[in-house]
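# Remarks on the overall topology
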Amino acid sequence: MPKHYRPAGKKKEGNAAKYITRNKALNRLQLKLPEFRRLCILKGIFPREPKKKLEGNNKTYYHLKDINFLAHEPLLEKSREIKAFEKKIKKAAAKKNKNLVHRLDKGRPSYTLDHIVRQRYPTFIDALRDLDDALTMIHLFAALPAEKIHDIPAERVHSCRRLSLEWQAYISRTHSMRKTFLSVKGIYYQAEVEGQTITWLTPHVLHQVLPDDVDFRVMLTFVEFYETLLGFVNFKLYYDIGVKYPPILDPQLEAAAAELYAMVKGLASNTATSMEEDALDAAVENNAIESEPNELEQKEKILAESQARLALLQHRLSSVGKERDAISDGQQKDMALQIREQSEEGEDDDEETKACRTLFKGFKFFLGREVPRESLLFVIPAFGGVASWEGDGAPYKETDEDITHQIVDRPTQSHKFLSRDYVQPQWVYDCVNARLILPTEDYFVGRVPPPHLSPFVDDEAEGYLPERAETVKRLQAAAKKQLLPMPGMEDQDMNDQVKMLADAIARNEDNEAREKEKREAALERAYQEDLLKELQGDTYSAPLLGKETDELQERSQREESDDSKVLSQIMMSGKKRKLYEAMQMGKAKKKAHVKLLEERKRKTEKKA
């Protein structure tokens, strides 16, 4: 009997039993391709590449277990119900039965993706690890226009906008941001939440032109799932810091296009009133338990509950009105909020979080109309600063004498205040990446700012350190005072320490010069001995100078290392040899890239 002979009726084995083509999966699930693709996106199922494609190389394969997993999905039955419901509405509309269409439209079946989020992310840390793409997609759709041509509903855009602002408000309040970078694609942010590093990209606030060659239906499916995921994450994060979710926004600030500032203020107001609402809810529940279920008492209970909530709402409105009327009250609340944050988080935070919280501490910023206001309102409070702008709802005006920095991007200003620095927006982002208040002279208005370096690039691994990075490192070392005094010399200033270091270097140079003289004297004695042997007629070795001996030694060492490399490559297996060659090719490309950067630098210096 042949080895691969399979009798009729026997189960399949190997790849034939593990994988299934897409067409067979569609037939088994009784779905069309768009519905199948949407279900796979929501469940996180993707095509596979088997080693042996039994049905042909031009087909798409899936795991059979994944398809069986989809067959038991509740969304599959719900999608069939929705399809049958749409057929009923279409039939009633064709018969021009408007009453039936209106009645059927009220009972439209709905679904949620909560169970899918719980299946794909069993723990909260798993959800945070997979949040990079979700945040990027949510921020992208928050900036897109709602167009009927591409079937982008306005409700989805508003939902993405709300979720992105809630996330930014949490990051800004907890001082979790670590890096930021301005690029052509948009603005990159990196934050550390619950020990997980999360990086996302936000588009520039510009008019977005939607291309026709992009399938927005697939993207909307991703966004639908990411909305549910980010809603879960925001709820958990807000619950951990003791804030009710969703936060309440100030309608005046929201109308003035200051949604992020309104969200941060909503966090503070929710924190202040959460205890009152909990006490009110507990009192209402106790009254509901103690009272008997008759109609009169139920009406009284509903009336008392409504009166209590109206009183609480009036208290909130009065507090908001006082904050608008008197700036000092708002400053007192901000001070109280800072004290609460320090008492709750100051002891448990690490050094990096403390440095991020106090980077812009004591600084007051005012943003011009031409700068990216939303991004700066997100970054500056995340590092301990206070920012305002020109317009309605601003916490303070441009004429405030306590303003330390004004962020502008126009070369000419109508009026200038001598008590503040006028800098470009890049200064804020460079200070954030360097964890240091950089000098403002290079960022004055009208000047070409220094290069904006990416904090996501490891200069040591790349093998090239830009000149601006060297300058920032020197400033960081000076700020940290890494040149420490010798024991017992704490009172001397830095100049004395530099002199001591120079003396030590000079002593090392003197020792090297003495060793060189001894070496030359030994060579001279050997030369004299060889001359005497020549006069006596004996054989002798030709004298070699110090440089020649060094060159010979280096050449011999190089030859020995080359021979050892050749021998080691001969002893390697084919797989390891190919891996080694690929590593050498990568190193050669990196060296060529470094040489190209150095040549460009020399050319620019010559032109300058």
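Quick notes on the rules
Residues numbered from 1 in each chain as written. Predicted model: local features only at pLDDT ≥ 70, side-chain atom pairs only at ≥ 80, totals over all residues. Heavy atoms only, no water. UniProt positions renumbered as here; feature names shortened; annotations may be inferred. Patch = residues over 30% accessible without salt bridge, like charges linked within 9 Å, V, L, I, M, F, W, Y side chains within 5 Å. Areas by Shrake-Rupley, 256 points an atom, 1.4 Å probe, with all protein chains shown as cover. Salt bridge = Lys/Arg side-chain N within 4 Å of Asp/Glu carboxyl O. Lys, Arg positive; Asp, Glu negative; His and termini not counted. Charge placed at Lys NZ, Arg CZ, Asp CG, Glu CD. Helix = DSSP H or I, 4+ residues; strand = E, 2+ residues; numbered from the N terminus. Phe/Tyr/Trp six-rings, centres within 6.5 Å; stacked < 30°, edge-to-face > 60°. Expected span 1.5 Å × (residues − 1). Polar contact = N/O pair within 3.5 Å; in protein donor to acceptor, adjacent residues only side chain to side chain. Buried < 20%, exposed > 50% of the residue type's maximum accessible area, 1.4 Å probe, protein only. Pairing = 2+ DSSP bridges.

Where an unreviewed UniProt entry is consulted, the protein appears under the name Pescadillo homolog, with the organism given as Araucaria cunninghamii. Recorded in UniProt for the protein, the comment headed Sequence similarities (unreviewed entry) runs: "Belongs to the pescadillo family." Under the UniProt heading Function (unreviewed entry), the note attached to the protein is "Required for maturation of ribosomal RNAs and formation of the large ribosomal subunit."

Taken together, the side chains of Glu509, Asp510, Glu512 and Glu515 make up a negatively charged region of the molecular surface. Considering the arrangement of structural elements, one finds Glu515 in helix α21 (residues 494-536).

What follows covers the packing of aromatic side chains. According to the stated counting rule, one finds 18 aromatic pairs in the structure shown. Ring centres 5.7 Å apart and planes at 35 degrees place the aromatic pair Tyr189 and Trp200 in the tilted group. Of this pair, Tyr189 sits in strand β4 (residues 187-193) while Trp200 sits in strand β5 (residues 196-202), placing them 11 residues apart in sequence. Ring geometry for Phe360 against Phe363: centres 6.4 Å apart, planes inclined by 35 degrees, an arrangement best described as tilted. Ring-pair connections join several aromatic residues into one group, and the members of that group are Tyr170, Phe235, Tyr238, Tyr239 and Tyr245.

Now for a nonpolar patch on the surface. On the surface, a cluster of nonpolar side chains totalling about 460 Å² of accessible area is made up of Val566, Leu567, Ile570 and Met571. Topologically, Met571 is positioned in helix α22 (residues 546-571).

One pass over the structure, following the stated rule, counts 21 salt bridges. Here the salt bridges do not stand alone but share partners, grouping Lys24, Glu55 and Lys59 into one network.

As a further point, take helix α11 (residues 216-240). End to end, α11 covers 35 Å across 25 residues, agreeing with the expected 36 Å (1.5 Å per residue, within 8%). At the N-terminal end of α11, a side-chain oxygen is found 3.3 Å from the backbone nitrogen of Arg217, two or three residues along, and the residue is Asp215. One or two positions beyond α11, positive phi appears at Gly242, with a value near 80 degrees.

Once that is clear, we can look at the pairing of β5. Counting buried positions along β5 yields 5 of 7 residues, so the element is predominantly enclosed. In this structure, β4 lies alongside β5, joined through 7 bridges in antiparallel fashion. If you follow Glu192 over to β5, its bridge partner there is Thr197. Connecting β4 to the next strand, β5, in antiparallel fashion are 2 residues, including Glu194 with a positive phi near 55 degrees.

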